[in-house]
Each structure stands twice: as C-alpha cells, then as structure tokens.
Amino acid sequence: MTKYCSQLSGLRHLSPSARFEKIDEATGELMSGIESLSDATALSMASADGMIENVIGLFELPLGVAANFQINGKDYFVPMAVEEPSVVAAASYMAKIVRENGGFKAVSSAPIMRAQIQLLGIGDPFGARQKLLQHKDEILALANSKDRVLIELGGGCCDIEIEIFEDTRIGSMVVLHLLVDVRDAMGANTVNTMAELVAPFAAQITGGDARLRILSNLADRRIVSVYVSISRDSLTTNNFDGDRVASGIVEACVLAEIDPYRAATHNKGIMNGIDPVVLATGNDWRAVEAGAHAWAAKDGQYTSLTRWERDKSGNLIGTLELPMPVGIVGGATKTHPAAKAALNLMRIGSANELAEVIASVGLAQNMAALRALSTEGIQRGHMALHARNIAIAAGATGAEIDHIAKELVRIGDVSVDRAHGLLTIQK
Ligand code: MEV
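Calculation notes
- Residues numbered from 1 in each chain as written.
- Predicted model: local features only at pLDDT ≥ 70, side-chain atom pairs only at ≥ 80, totals over all residues.
- Heavy atoms only, no water.
- UniProt positions renumbered as here; feature names shortened; annotations may be inferred.
- Phe/Tyr/Trp six-rings, centres within 6.5 Å; stacked < 30°, edge-to-face > 60°.
- Helix = DSSP H or I, 4+ residues; strand = E, 2+ residues; numbered from the N terminus.
- Buried < 20%, exposed > 50% of the residue type's maximum accessible area, 1.4 Å probe, protein only.
- Pairing = 2+ DSSP bridges.
- Axes fitted to C-alpha atoms, helices over the stretch in contact; angles between N-to-C directions.
- Contact = heavy atoms within 4.5 Å.

- Naming follows an unreviewed UniProt entry, where the protein chain appears as 3-hydroxy-3-methylglutaryl coenzyme A reductase of Cohaesibacter gelatinilyticus.
- The record in UniProt for the protein chain states the following under Catalytic activity (unreviewed entry): "(R)-mevalonate + 2 NAD(+) + CoA = (3S)-3-hydroxy-3-methylglutaryl-CoA + 2 NADH + 2 H(+)".

So, in structure tokens, the structure goes:
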C-alpha cells in the first residue's frame, strides 16, 4: 500500500477528476468518504434544511486541495473552499519550499474557551469579586454538573477570572469569566450552556443582576503557534537572489507591525489561507476571524499576526500565533458530508491538530504574499490565474477557456472586453 505523501506537483495541469484520482492514490486510497469532496451534491437539500432556517437552495464554492504540506513530520493534503484564484496554488508552492526546509513546526495550547457573565447593579464590585473567588469550587462544580461526556473526556470548566469595569452610564460591572476546556469541540454551545447555568448562582452570591451570558470570541487561551525556518537559497527566484527575497519579506512585515493600514491587508492575506480550511471543515469562520483580529489588537494597536526575521545564519524565520477556535465534533463538522470528508482527507485526530494545520496554511499564505509583493508584485501571477475567470465571464467554455486565458496573458490585457473580442474572432 502506498504511504500517504502530500508531495505532488503538476496538479494544476490535470482535470478535476484526474486530480482527485492522483490525490486518492497519493493518500494510499485510505481516506474513507473523500469522494464527497468532489461531489457537488454531497449536502442534500434535506440536510441543509435541517441546518439553518428558510432554506431555498445550496451555495457552492470551488473546493481545491493544497499539496506538499508537512506539519510536525506528518503529511497533509489540505482542502480549501475559496473563490479567489492564486490562493491554493500559493499555499501549495510555499508548502513545497517549507517542506524542503524541514516542514512546519506547530504547537497549540489546551483547547480552552471562555464565557462571560455580566453582573450589574453591584455597589461593592471588589467585594463581589472576592465572593465569587470564595465560591470558585461551587461555580466549577455547577458549571460541570450537566455535560458528563465532556468531563469523561477530560474537559470541563477548570478556572474562573473576574473583571471589574466602571462606567459613567451604567455604573459598576463585574464580569465573571468561565474558562472551559472544550476538548475537540469548537465549544460555543458548551460554554454558553455553562454560562447560563452559572449566572443565577453568580447573581445570588454577588447580589447583582446577571445580564449577558455568552462566550468571548477573543479565545486568548486557545492559541496555536506555527514556525518555519527557510534557507536563503530556497528563496531565490528568477530575478531575485534569496538574500534579497528574505530581507524583502522581513521589511514588508515590519510595515505591517507598525502600520494598521498595512496590517489589515497583511492579515487579510493570512486569512486567505485560514478561512478556506475553516470553511472546508465545516467550522465557524466568523468566530475565527473575530478572534484573529481581536488578538491582533490586544496590545492596544492593531498589528501583524505574523513575524518574519532573519536568524544569525541568515535563514528566514516565520512565526504565526493566533486563537484558533475550531472543532472536529459537533455542528457542520459532522452534518456536512464534505466537511467530514475534509477531516478524513487530512487524517485529523484532534481539534488541536486541525488548528495546527489551519495556522500552517495561514503562515504559508502570508509568506507567498510577502514574497511576491516585495519582489515582482502580485499582479502578474494573479492575473495569469485570474484570466481563466475572465475567459469564463466572457462566455468561453471547454477548451476555449484555457486558450483565451493564455491569449489574454500573452497580450497583457486580462479584461472581459478583450476576452469578448478574442471569442468573437474565434467564432
Ligand atoms: C489579496 O487577497 C491578499 C494580499 O493583499 C495580502 C497582502 O497584501 O499581504 C496580497
């Protein structure tokens, strides 16, 4: 049996079905159910109708697979659901370079989410804080009294924190945080249920009124961190030597570290890698986005989520650290057949492992963007891939698509007008 190996080149030149077969073969044909990934009707109307309200249809996106990923010594084909050209190709190419340099190294914290309980109408907020701390064991026991499965799996509410705010409009506020190890779940339902359960008790202890009882998307206790080290030689391009590319990446990152205007775009590039995997695995991409940007601003100024540096030998060192509230049990991860297949394709064994894969793709995507931006710019490569979209928008079908796309790139005018013109000449 073939060993799972994600190192594959030339996928771009194959048809979707040939690509699927190549990947199936490269995984040792081990991945059960992965055919759902190439089945546009995998999600039935009946299932969709059960997932949200007022369903009238399904919304499809292209599902690509990024190759070459090696993270903590394990190979991954990474499914990505995304509409933007260049994203999957860039991730695969950067993963190839990283792979040749020892692969991605990722670590993650325990999967701890937090919920907040807002308590109002308290005259002695510091006294209230003390009372909550004195009753910590009862609060934890109450929070853990319902979800037996989570406790059996080794999770549950493990700590509390308390914030005090003063506001001229509404007076003192005491905010009780529940810190909950949610194991392999994303955890929103778990922590929201606990918050609602604990709130009346917290109100009783403090003499306050419990109002909001909800998770915080600033999941700052559920952090994933990924690292790459790349030799300057691996970064050499046709027109730029590796040293220049490495310093270009570092300089680009410095601007994002100090300037929020650049940081927003820089981080958008990171999310170009992250969101498609979050989406393909049926996870809540709004939660991941909210957490990422809140984390990027946690020290008072919005900044870059990555850092790029040179070590003493001149290697380029890249790191990315951010909250990653994703799960592999519950929600769409289990009800959407393609999401289940996506997790199978990657052989994901835990939510932490999924978080590590997602962050690695984010770092790869950022590296690809900075490498292109600090050298030849992104438009040439991007337009070459975008030309296919333009050809389709102009009405090209079948073999015409590639032909028109190539012509548009050759002429240097990737526009629908020009594509129309070329199609008319052909017909
Ligand atoms: C485009 O989708 C993403 C980039 O703008 C990211 C960046 O500027 O770093 C290329």
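**Remarks on the packing of aromatic side chains**
How two aromatic rings sit relative to each other is set out by the distance from centre to centre and by the angle between their planes.
Working step 1: Counting across every chain of the model gives two aromatic pairs.
Working step 2: Judged by centre distance (5.7 Å) and plane angle (45 degrees), the ring pair of Tyr4 and Phe77 falls under tilted. Taken together, the residues span a long stretch of sequence, with Tyr4 in the segment before α1 (16–26) and Phe77 in strand β2 (residues 74–81) at a distance of 73 residues. An identical accessibility class is assigned to Tyr4 and Phe77; each is buried.
Working step 3: Here Phe69 and Phe104 contribute two aromatic rings whose centre-to-centre distance is 5.3 Å and whose plane-to-plane angle is 15 degrees, an arrangement assigned as stacked. Of the two residues, Phe69 is situated in strand β1 (residues 63–71) and Phe104 in the loop between α3 (87–100) and β3 (105–108); the sequence distance between them amounts to 35 residues.
Working step 4: Accessibility expressed as a relative area gives 0% for Phe69, which makes it buried.

**Regarding the sheet that holds strand β7 (residues 209–216)**
Working step 1: Read from one edge to the other, the open sheet built from four strands follows the order β5-β6-β4-β7, with strand pairing classed as antiparallel. Edge positions in the sheet fall to β5 (156–167) and β7, since each has one partner strand and no second. This sheet shows a mean twist of 20 degrees between the axes of neighbouring strands, independent of strand direction.
Working step 2: Sheet topology places strand β4 (residues 112–120) next to strand β6 (residues 171–181); nine bridges connect them, and they run antiparallel. Looking across to β6, one finds that Ile117 is bridged to Leu176.
Working step 3: Here helix α5 (residues 136–143) sits on the sheet and contacts β5 and β6; the angle it forms with β5, its principal contact strand, is near 120 degrees.

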